[in-house]
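Coordinate inspection notes
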Amino acid sequence: MALSGIQIYKLLPQTNCKECGFPTCLAFAMKLAAKQVELSACPYVTEANKAQLAESSAPPIRLITLKGAAGEVKAGNEVCLFRHEKTFYNKPGLFVRVKSAAGVAEADAYKVNYVGMDFTVDGFAVEADASTSLSASSPAAYADTVKAVRAATKRPLILLSKNPDVLQAGVSALPGEKPLLCGADASNWEKLADLAKASGCPLAVSADTVDGLADLTEKIKAKGVEDLVLDPMTTHLGKSLAIHTQLRRLALKNTRPVGYPLIAFPCNAADELMAASQAIAKYAGFVVLSEFKPETMYALLVLRENIYTDPQKPIQVQPGIYEINAPKPESPVLVTTNFSITYFAVANEVEGSGLPAWLVVCDAEGMSVLTAWAAGKFDAERIAKAIKGFNVAEKISKKRVVLPGHVAVLSGELEAELPDWEIRVGPREAVDLPAFMKQALN
Amino acid sequence: MPIEIPKDKWTGKVRAITLGATAAEGGTRASVVTVGGETSMPYLHFENPMPNPPRIAVEIKSRKPADWSRLLEETWGEALNDPASWAKAAEAAGADLLVLWLTLEDSPDDAVKAVKAVLGASGLPLAVFGPGQAEKDNDLLVAVAEAAKGERLLLGICEDKNYRTIVATALANGHLVSARSPMDVNLAKQLNILITDMGLPADRIIMDPTTGALGYGIEYGYSVMERLRLAALQGDSMTQFPMLVTVGFEAWKAKEAKVGEGVPAAWGDWQTRAINWEITTATALLESGADIVVLRHPESVKRVKAAISELMTA
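Residues numbered from 1 in each chain as written. Chains lettered and ligands numbered in written order. Predicted model: local features only at pLDDT ≥ 70, side-chain atom pairs only at ≥ 80, totals over all residues. Heavy atoms only, no water.

**Structural notes on the nonpolar core**
- Of all hydrophobic cores here, the largest spans 190 residues; its most connected members are Ile 195 and Val 304 of chain B.
- Of all the elements, helix H10 (residues 270-287) of chain B adds the most residues to this core, at nine residues.
- Discounting chain neighbours no more than four positions away, the residues touching Val 304 of chain B are Met 274 of chain A together with Ile 56, Ile 279, Ala 282, Leu 286, Val 293 and Leu 295 of chain B.
- If you look at the next biggest cluster of nonpolar residues, it comprises 25 residues, including Val 360, Ile 396, Leu 414 and Leu 418 of chain A. (Core = buried A, V, L, I, M, F, W, Y, C linked by side-chain atoms within 4.5 Å. Buried < 20%, exposed > 50% of the residue type's maximum accessible area, 1.4 Å probe, protein only. Helix = DSSP H or I, 4+ residues; strand = E, 2+ residues; numbered from the N terminus. Contact = heavy atoms within 4.5 Å.)

What follows is the structure in structure tokens.
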């Protein structure tokens with residue numbers, strides 16, 4: 001539970017030595033409560049009180065980091081139930097479940113671009129293959145599989161087995177890494193807690209109730225393992241939504257035994273895409289998929305990006321000149337702002353019409369046309385700068401630029417900025433662009 | 001000691017609203033659909049059971065759409081040419097209700113003819129949406145509302161530019177309105193106030209907060225819906241309406257769904273991706289509070305239906 005300024009003050013030396021940079025210990029305590037300073041600024045706080053203060057300021061959901069041969073995946077540190085309350089911070093890692101190295105290189109190399117960002121798969125969950133023969137699930141066989149997967153990817157791994165010896169073999173095959181051990185349940189938790197402690201790897205715990213999870217984490221924490229992940233063991237859409245919501249609510253109320261990220265296994269669900277979509281929007285920190293399919297991975301990566309976008313900061317597209325429907329030198333030049341929704345509205349309409357065009361996206365600090373204009377971020381000077389800066393004139397034969405109808409007022413100033421260009425005023429709404437392009441621009 | 005599961009105690013309740021009217025109620029529908037009535041955030045049955053499942057509407061058009069994806073054309077086939085056959089096919093595909101979307105080319109007579117044909121072909125409750133240009137919507141919807149008096153149609157698109165006409169005709173002819181606002185909590189609320197101020201009973205309003213497809217602004221629609229639903233549960237009467245979202249319209253506009261050629265190889269198989277686009281958009285919005293999702297592809301209908309039935313069981 002977060003402490004108030006007064007509660008923190010009681011744990012400080014109360015000497016008003018000023019070495020922290022504040023005139024009194026109380027002033028420092030208030031700043032600490034507001035999380036505006038670090039406790040380390042006080043040289044005299046006792047070790048015992050320091051521990052107590054650190055505990056109280058710990059985030060409600062512990063940050064867990066998986067380390068691969070290269071790269072990390074983080075989950076946790078979330079602070080809200082609904083993204084509009086603040087934002088969701090650590091995008092859930094998308095892992096592909098594999099039983100061998102087959103297909104790993106292909107999934108590892110996957111890269112897809114979405115509004116100027118490249119997305120990839122985050123890692124792999126290596127499952128001991130018990131189906132081929134008994135010996136295949138043996139520790140030695142598992143270590144071989146893990147090594148083979150590691151040869152095909154450097155991304156972080158999740159080790160899937162209930163058998164402590166198998167997991168031990170997997171960990172030994174990954175020196176210097178922090179894979180997720182997945183994991184512990186009521187039957188094997190003691191051995192896995194020992195393994196997690198010895199290896200420093202995070203450990204997933206499985207139970208199908210909140211109480212069952214809390215019971216396991218408490219017992220494992222008592223053995224000195226703190227990096228835990230919760231597996232509520234359901235892929236049923238109704239049940240998983242309920243328990244994920246309950247766990248997030250409890251964690252945000254500082255219920256420490258469940259203050260850990262969640263792992264979800266849509267790979268076991270009746271409808272994997274639906275379950276994975278839910279896991280992304282509803283609080284999972286790690287998501288395990290049954291296989292790599294670009295058409296599914298792309299949809300999930302985009303959903304994750306959308307849900308984890310900071311609602312306070314509009315998504316922007318990269319300013320620049322965008323080619324729509326393979327424009328030719330005589331195709332029209334359209335201008336808009338770099339607010340993603342504005343860009344998509346314009347680009348979609350033009351694209352849907354099949355008419356070729358050059359779309360010049362100005363840096364308007366991610367605002368829509370009217371908002372940017374009102375804020376002085378979308379004026380004749382900026383538009384002229386974009387047109388000159390992106391060397392638009394070199395690509396075209398007809399120096400004619402179409403302004404959004406909402407900023408018709410800028411046409412005079414833009415003529416002054418771009419004296420050898422014809423300035424045309426287009427429609428106010430993107431939806432009317434195709435008709436305008438057909439009728440007015442020929 | 002067992003951990004106590006935190007439950008939110010809400011004071012507000014979303015209105016339960018019925019679409020369609022049977023013969024006994026002055027219409028001709030074989031069945032009606034009731035949505036809304038929630039007293040918690042979506043599907044948190046441990047807190048309060050959700051009284052009515054969300055419903056799937058299938059979008060059909062008064063004439064063959066010129067700009068629909070080839071995948072949709074192939075799946076609906078000949079039915080696209082005839083609203084009555086299309087309605088039957090949509091019902092067979094599992095629709096709970098139909099949305100007949102009129103076009104700019106329709107005259108009021110054409111619109112009435114199409115509506116009558118659909119009402120004759122299927123007993124499902126019906127929504128009729130205009131093409132989305134305020135004046136044209138008024139012309140078409142007034143004619144439709146009069147011709148289908150008493151059916152409890154859901155009339156759209158009712159927005160700030162044309163709500164007076166649409167609400168007046170809904171009021172006169174016993175229909176409902178779909179109040180559409182552009183992804184903004186306050187604008188949604190304001191439109192609902194204007195509509196109820198005209199005297200339309202609050203049990204005849206569905207709100208359409210507008211959304212974007214996956215990748216095209218879904219996060220705005222998603223959060224606006226969560227905020228509207230939270231406001232409703234907190235007791236704000238003018239947000240206590242079931243929500244409808246035109247998922248199919250948005251998702252199939254996205255290049256990811258619409259086209260199969262000239263796109264990056266990393267997008268994968270077209271058919272699967274297109275359905276993925278529609279159902280991922282639908283799932284996210286159902287979980288943020290949608291009561292009616294309007295879909296286009298029969299495969300999406302099937303899968304979203306299965307998801308709803310899982311979500312409705314604890």
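**Some remarks on the side chain of Thr 336 of chain A**
Residues and elements named next belong to chain A.
- Here Thr 336 shows up in strand E14 (residues 333-337).
- Thr 336 gets classed as buried once you look at its relative accessible area, which sits at 1%.
- Filtering out sequence-adjacent residues up to four positions away, Thr 336 remains in contact with Thr 342, Val 346, Leu 359, Val 360, Val 361, Cys 362, Val 369 and Phe 378.

**Describing the environment of Leu 140 of chain B**
Residue and element names in this part refer to chain B.
- With respect to the secondary-structure elements, Leu 140 resides in helix H4 (residues 134-147).
- Under the relative-accessibility criterion, Leu 140 is labelled buried at 0%.
- Linking Leu 140 and Ala 111, residues 29 residues apart in sequence, is a C-alpha distance of 6.3 Å.
- Beyond its immediate stretch of four places on either side in the chain, Leu 140 contacts Leu 102, Thr 103, Asp 106, Ser 107, Pro 108, Ala 111 and Pro 131.

**Focus on the packing of aromatic side chains**
- Counting across every chain of the model gives 16 aromatic pairs over all chains.
- In textbook terms, an aromatic cluster arises when at least three aromatic residues are bridged by ring pairs, as seen for Tyr 322, Tyr 343 and Phe 344 of chain A together with Tyr 216 of chain B.
- One Lys or Arg, Arg 248 of chain A, reaches over the ring of Phe 88 of chain A and ends 5.7 Å from the middle of that ring.
- The ring of Phe 241 of chain B carries the charged tip of Arg 15 of chain B above its face, separated from the ring centre by 4.6 Å. (Phe/Tyr/Trp six-rings, centres within 6.5 Å; stacked < 30°, edge-to-face > 60°. Lys NZ or Arg CZ within 6 Å of the ring centre and 35° of its normal.)

**Topic: a nonpolar patch on the surface**
All names here are of chain A.
- Where nonpolar side chains cluster on the molecular surface, the patch consists of Ile 6, Leu 26 and Met 30 and spans about 240 Å² of accessible area.
- Its location among the elements puts Met 30 in helix H2 (residues 25-33).
- The partly exposed category is assigned to Met 30, whose relative accessible area is 40%. (Patch = residues over 30% accessible without salt bridge, like charges linked within 9 Å, V, L, I, M, F, W, Y side chains within 5 Å. Areas by Shrake-Rupley, 256 points an atom, 1.4 Å probe, with all protein chains shown as cover. Salt bridge = Lys/Arg side-chain N within 4 Å of Asp/Glu carboxyl O.)

**Here's the deal with the sheet that holds strand E13 (residues 320-324) of chain A**
Residues and elements named next belong to chain A.
- As summarised here, the arrangement of the five strands in space is E13-E15-E14-E16-E17, forming an open sheet in which the pairing is mixed. The open sheet has two edge strands with one neighbour each: E13 and strand E17 (422-425). Mean inter-strand twist for the sheet, computed between neighbouring axes without regard to direction, equals 30 degrees.
- Relative to strand E15 (residues 357-362), helix H14 (residues 380-389) is tilted by about 125 degrees, and along the sheet it contacts E14, E15 and strand E16 (400-403). (Pairing = 2+ DSSP bridges. Axes fitted to C-alpha atoms, helices over the stretch in contact; angles between N-to-C directions.)

**Concerning the interface of chain B and chain A**
- In this complex, chain B contributes 47 residues to the contact, which on the side of chain A involves 49 residues.
- Between chain B and chain A, a total of about 4,200 Å² is buried, with carbon and sulfur atoms accounting for 64% of that surface.
- The tally of links between chain B and chain A comes to five salt bridges.
- Across the salt bridge formed by Glu 351 of chain A and Lys 255 of chain B, the nearest N and O atoms sit 3.8 Å from each other.
- For the side of chain B that touches chain A, the elements supplying multiple residues, two or more each, are helix H7 (218-233), helix H9 (255-258), H10 and helix H11 (298-311) of chain B.
- With nine residues, the single largest contributor to the side of chain B that touches chain A is H10 of chain B.
- For the side of chain B that touches chain A, the residue count by class is 24 nonpolar, nine polar and 14 charged. (Buried area = accessible area lost by both parts, 1.4 Å probe. Nonpolar A, V, L, I, M, F, W, Y, C, P; charged D, E, K, R; others polar.)

**What about the pairing of strand E1 (residues 64-67) of chain A?**
Residue and element names in this part refer to chain A.
- Looking at chain direction, E1 and strand E2 (residues 72-75) are connected through four bridges and run antiparallel. Bridge assignment links Leu 66 to a residue of E2, and that residue is Val 73.
- Linkage of E1 to E2, two consecutive antiparallel strands, is achieved through a turn of four residues, within which Gly 71 is found at a positive phi near 90 degrees.

**Description of the sheet that holds strand E6 (residues 154-158) of chain B**
Residues and elements named next belong to chain B.
- Read across the sheet, eight strands follow the order E8-E7-E6-E5-E4-E3-E10-E9 without closing on themselves; strand pairing throughout is parallel. Every other strand in the sheet has two partners, leaving strand E8 (205-208) and strand E9 (244-245) as the edge strands with one partner each.
- Sheet topology places E6 next to strand E7 (residues 176-180); three bridges connect them, and they run parallel. Looking at E7, one finds that Leu 155 is bridged to Val 177.
- Sitting on the sheet, helix H6 (residues 185-197) is in contact with E6, E7 and E8, with an inclination near 150 degrees to E7.

**Side note on the packing of helix H6 (residues 164-172) of chain A against helix H7 (residues 189-199) of chain A**
Residues and elements named next belong to chain A.
- Across the interface, H6 lies against H7 with an axial gap of 10 Å and an inter-helix angle of 15 degrees. Taken together, the axes of H6 and H7 are roughly parallel relative to one another. Here H6 runs over H7; the crossing is right-handed. Here Pro 164, Leu 167, Gln 168 and Val 171 of H6 lie close against H7, whose contacting residues are Lys 191, Leu 192, Leu 195 and Ser 199.
- Each residue belonging to the contact of H6 with H7 can be placed in one class, and the counts come to five nonpolar, two polar and one charged. (Parallel < 35°, antiparallel > 145°, perpendicular 65-115°, else oblique. Left-handed = near helix turned anticlockwise from the far one by under 90°.)

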